[in-house]
Amino acid sequence: MNQSFFIAAVGAHQQLKRLTVHGNNIANLNTYGFKAEKSRFASLMYDDLKSVGTATDGGAAARGEGGDFEMLSSGVGAALWTTDTDFKSGAMAETRRDQDYAIAGDGFFALADLTTGEITLTRNGAFVISELMRPSGELDDNGEDIMERIYYLSDNEGRFVLSDTGGMIEVEDEHKPQPVGVFDYINYDGMEHVNDTRFRAVDKNGSIRLGEGSLMQGFLEMSNADLAEEMTKVIESQRAYGMALKMVQTSDEIESTINGLRG
């Protein structure tokens, strides 16, 4: 088979992946706090390359021969190398709900999982007041813990919202603004996308710190995905996919003709 067949096959497969990325952006146009993803392509290496390793022969490394080298796999064409998250702010929508919050500027809300203790970040401030039973520290006549009912601010999925001091927000008056914390990192590069609106920080993001963004009660941040841009990308991918399939068909016809001449 000639290389054009492989280039076209890889291209068609990668365009399907790109369609998935932009299709997900379109599906979340009305998701509060959603951050769109951008697809990034890179050319594949045309030759197998040796990575740096330790050679069994002392002089082999210097001569570039022998030894225990790892081979980096080769390919043809281009592939979806990574998807980057666009962290720019979306438009603000006024909801007038007491426990809806938005951040004007940089920063995230922090959510703590009650079960695992994991902390994730979000720009979706559509919070609710949830109920939790916990030991009060006092015992009843039978020597058992007396349970007390508390109300706290949560994302309605079992995670509580961290306050500006890093603790759970216990709600006493549901109509008053709560001390919701705004947290930030030095950079967002490589931040892990947990789901449509939540992120998990990685080591290279640095240490968590208080954010400089200001809190807005009664507002929610809309998705930052742009429908016109996403539809343009979808059309581009559809046409590229069609062209790649045409290349596969043409390559197959050429190979069939050559094989027929051999007979």
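The sections below set out a description of the structure shown in this document. (Residues numbered from 1 in each chain as written. Predicted model: local features only at pLDDT ≥ 70, side-chain atom pairs only at ≥ 80, totals over all residues. Heavy atoms only, no water.)

**Section: the environment of Arg-134**
Thought 1: For Arg-134, the position within the fold is in strand S9 (residues 128-139).
Thought 2: Residue Arg-134 is classed as partly exposed on the basis of its relative accessible area, which comes to 29%.
Thought 3: For the pair Arg-134 and Ile-150, spaced 16 residues apart in sequence, the C-alpha to C-alpha distance is 7.6 Å.
Thought 4: The contact partners of Arg-134, leaving out residues within four places of it in the chain, are Ile-146, Met-147, Glu-148, Ile-150 and Glu-170. (Helix = DSSP H or I, 4+ residues; strand = E, 2+ residues; numbered from the N terminus. Buried < 20%, exposed > 50% of the residue type's maximum accessible area, 1.4 Å probe, protein only. Contact = heavy atoms within 4.5 Å.)

**Quick look at the packing of aromatic side chains**
Thought 1: One pass over the full model with this rule turns up seven aromatic pairs.
Thought 2: Judged by centre distance (6.0 Å) and plane angle (85°), the rings of Phe-87 and Phe-108 are edge-to-face. Of this pair, Phe-87 sits in the loop between strand S4 (78-85) and strand S5 (92-94) while Phe-108 is found in the loop between strand S6 (101-104) and strand S7 (109-113), placing the two residues 21 residues apart along the sequence. Grouping residues by exposure puts Phe-87 and Phe-108 together as buried. (Phe/Tyr/Trp six-rings, centres within 6.5 Å; stacked < 30°, edge-to-face > 60°.)

**Brief notes about the side chain of Gln-178**
Thought 1: With respect to the element layout, Gln-178 can be found in the loop between strand S11 (159-161) and strand S12 (183-184).
Thought 2: A distance of 3.2 Å separates a polar side-chain atom of Gln-178 from the backbone oxygen of Asp-173.
Thought 3: Side-chain polar atoms of Gln-178 contact the backbone oxygen of Lys-176, separated by 2.8 Å.
Thought 4: Once residues within four sequence positions are removed from consideration, Gln-178 is found in contact with Gln-99, Tyr-101, Leu-153, Ile-169, Glu-170, Val-171, Asp-173 and Leu-215. (Polar contact = N/O pair within 3.5 Å; in protein donor to acceptor, adjacent residues only side chain to side chain.)

**Some thoughts on the nonpolar core**
Thought 1: One finds Phe-87, Phe-108, Leu-121, Leu-162, Tyr-188 and Met-191 to be the most contacted residues of the largest nonpolar core, which totals 13 residues.
Thought 2: Dropping the residues within four chain positions of it, Met-191 is found in contact with Phe-87, Phe-108, Leu-121, Tyr-185, Phe-199, Arg-200, Ala-201, Val-202 and Asn-205.
Thought 3: Leu-111, Ile-169, Val-171 and Val-182 belong to the second-largest nonpolar core, a separate cluster that totals eleven residues. (Core = buried A, V, L, I, M, F, W, Y, C linked by side-chain atoms within 4.5 Å.)

**Brief notes about the side chain of Gln-14**
Thought 1: Inspection of the secondary structure assignment puts Gln-14 in helix H1 (residues 3-27).
Thought 2: The class of Gln-14 is buried, set by a relative accessible area of 8%.
Thought 3: With residues up to four places along the chain from it excluded, the contact list for Gln-14 reads Phe-41, Ala-78, Ala-79 and Leu-80.

**Brief notes about the pattern of salt bridges**
Thought 1: Under the definition given, this model contains 15 salt bridges.
Thought 2: Lys-35 is the salt-bridge partner of Glu-221, the closest N and O atoms lying 2.5 Å from each other. Taken together, the residues Glu-221 in strand S17 (residues 219-221) and Lys-35 in the loop between H1 and strand S1 (37-43) connect sequence positions 186 residues apart. Lys-35 matches Glu-221 in its accessibility class, with the two residues each being buried.
Thought 3: The shortest N-O distance in the salt bridge between Lys-38 and Glu-230 comes to 3.9 Å. Of this pair, Lys-38 sits in strand S1 while Glu-230 is found in helix H3 (residues 227-262), placing the two residues 192 residues apart along the sequence. (Salt bridge = Lys/Arg side-chain N within 4 Å of Asp/Glu carboxyl O.)

**Quick look at the environment of Thr-232**
Thought 1: Looking at the element boundaries, Thr-232 is found in helix H3.
Thought 2: Assessed through its relative accessible area of 42%, Thr-232 is described here as partly exposed.
Thought 3: C-alpha of Thr-232 to C-alpha of His-22: the two residues are 210 residues apart in sequence and 9.6 Å apart in space.

So, to be careful, I would describe these as geometric facts and stop short of saying anything about function.
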